[in-house]
Amino acid sequence: MAYQDEYADCSWVDFDLLESFMKDCLIESGVPEKDARVVTDVLITSDKRGIDSHGIGRLKPIYIDRIDQGILNPVTSIDVVKETETSAVLDGNNGMGHVVAKTAMEMAIEKTGKHGMGMSVVRNSTHYGIAGYYALMACNAGMIGITGTNARPSIAPTFGVENMLGTNPLTIGFPTDEEFPFVLDCASSVTQRGKIEMYGRSGKELPPGWVIGRDGKTRTDTQQVLKDLSTGGAALAPLGGLGEEGAGYKGYGYATVVEVLSAALQGGSFLRDLNGFDQGGKRIPYPLGHFFIAINTEFFMGLETFKRIAGAIMRDLRSSQKAEGEERIYTAGEKEWIAWNYRKTGGCPVPPVLQKQMQELRDRWKMDYRFPWD
C-alpha cells in the first residue's frame, strides 16, 4: 500500500496525543470521563487500523456537533428492557452509541458461558463507530463475534432511486492462529458516507456508479452529493452496484437483513424514521438499532481447533494463484494489521481539513495542545 503517496498532504500525529485530545474534547462536550474513554478507544482503534473514515474525522461532525445540536445525549443511560439467560434487549436513550454498543457486546459475550451463545439487541442508540470494534471484542475473548447496525437512509433499493436503507454493515470477526483475527467489516453499499467525506476533503470527484440521483443517473459531484444524501436528492448504490447486472440485489438484500435485525427484535425505528428530521424539518436524534452475537467456540470443537483450521483457510486463500500483475492476495483483517504495523511508530495521518477542525476545537475550549503543524 502506497502510504507515502496517499497521505502526502497529511501531518502525522502521535496516537497518544490524538487519543488524549479526543477524550478531552468529549469531556468538554459533557461526556463523562469513563464514557469518553470508551468513545475515544473506538475512534482511535479505527485510525490505528487504517479506517480513516471513522476515526478523528468523525469526532466533530458526528459526535460533538450533534451534542451541540441537542440530538445526541452526552450522558448515556442504558435501560434493560428484557433479559434472558441468552438474550437481552437494551434501550440506549439516544446516548453515546459506543458506550451502549460496548455494554451490549459485553453482555452477549458473558451470556455464552452457560449455553455457548449470547445475543443482545439495542434500540434508541446512536452512531457506534466501526462495527469491527465489537467483533474484535469477541475475537479477543476467543469467540466469534457478529454485529450490525442500521443507519440514516442512504441506499436506494435495486431499481429504485430513493435513499431508504442505511449503509448497514453486517460485520463478522473470529480468532485465528495468526497474529491477527479475521474481521470482515464493510457496508452493504458500494461505498459509505465516510468514504465520500474523505473524497470531499481531498477535493476528488466520485467514481461513476457509487451514487445515483433522483433522475436515475450516476452522480460524481462529491460536495453536492454529500448535501443531497441528507435531503434525499441522491442515494448510494447497494453492494454490487445499480440494477441487477452486477448483482446489486445481493447488497440490497443484505442491507435489508441488517435493517430487520436492527429494528424488529427490539421494537426499534427503521428506514425513513432514521433520517434525523421531524415532519417540520427540525433536526431530531437518529434512534439507531444494533445487534450483537457472540459464539463460544469451546462449546463446539474448542478454540485451538477453530483457530488452527481458520488460520489454515486464510493461508490457503492467500497462497492461491494470483491474477497477472497482482502481487498479493489478502484476507479480511490483514490490511488493517498491515496498517497498524506501519502506523504504530509514525502515528495517524491528519489531512488539512481535519487539522482545521482540531484547531477549532482546541481554540473553542482553550486547550493546551500543540500539533505537529503548529
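For the structure, check the block above.
A brief report on the enclosed structure follows.

**With respect to the sheet that holds strand β6 (residues 170–174)**
Next up, step 1: Taking strand neighbours across the sheet as the criterion, the seven strands line up as β2-β3-β4-β11-β5-β6-β7 in an open arrangement whose pairing is mixed. Each of the sheet's edge strands pairs with one partner strand only, and the pair in question is β2 (79–83) and β7 (182–184). Mean inter-strand twist for the sheet, computed between neighbouring axes without regard to direction, equals 15 degrees.
Next up, step 2: Of the strand pairs in this sheet, strand β4 (residues 117–125) and strand β11 (residues 288–296) are connected by seven bridges, and their pairing is antiparallel. By the bridge assignment for β11, Ser125 is matched with Leu288.
Next up, step 3: The sheet strands contacting helix α5 (residues 97–110) are β2, β3 (87–91), β4, β5 (143–149) and β11, and the helix crosses β4 at an angle near 160 degrees.

**Overview of the side chain of His54**
Next up, step 1: Within the secondary structure, His54 is located in the loop between α3 (33–48) and α4 (56–69).
Next up, step 2: Sequence-distant contacts of His54, defined by excluding residues within four places in its chain, comprise Leu43, Ser46, His127, Gly129, Ile130 and Gln192.

**Focus: the sheet that holds strand β8 (residues 211–213)**
Next up, step 1: The strand order β9-β8-β10 describes an open sheet built from three strands, whose pairing is antiparallel. The sheet is open, and its two borders are formed by β9 (218–219) and β10 (234–236), each paired with just one other strand.
Next up, step 2: As defined by bridge partners, β8 adjoins β9 across two bridges and the pair is classed as antiparallel. The residue of β9 that forms the bridge with Val211 is Arg219.
Next up, step 3: Packed onto the sheet, helix α9 (residues 222–231) meets β8, β9 and β10 and runs at close to 90 degrees relative to β10.

**Topic: the pattern of salt bridges**
Next up, step 1: Scanning all chains against the criterion turns up 19 salt bridges.
Next up, step 2: Its salt-bridge partner being Arg37, residue Glu33 comes within 2.8 Å of it at the nearest N-O pair. Of this pair, Glu33 and Arg37 both sit in helix α3, four residues apart, which is roughly one turn of the helix.
Next up, step 3: By relative accessible area, Arg37 is classed as partly exposed at 48%.
Next up, step 4: Between Lys60 and Asp65 there is a salt bridge; the shortest N-O distance is 3.2 Å.

Reading guide: rules and limits
- Residues numbered from 1 in each chain as written.
- Predicted model: local features only at pLDDT ≥ 70, side-chain atom pairs only at ≥ 80, totals over all residues.
- Heavy atoms only, no water.
- Pairing = 2+ DSSP bridges.
- Helix = DSSP H or I, 4+ residues; strand = E, 2+ residues; numbered from the N terminus.
- Axes fitted to C-alpha atoms, helices over the stretch in contact; angles between N-to-C directions.
- Contact = heavy atoms within 4.5 Å.
- Salt bridge = Lys/Arg side-chain N within 4 Å of Asp/Glu carboxyl O.
- Buried < 20%, exposed > 50% of the residue type's maximum accessible area, 1.4 Å probe, protein only.

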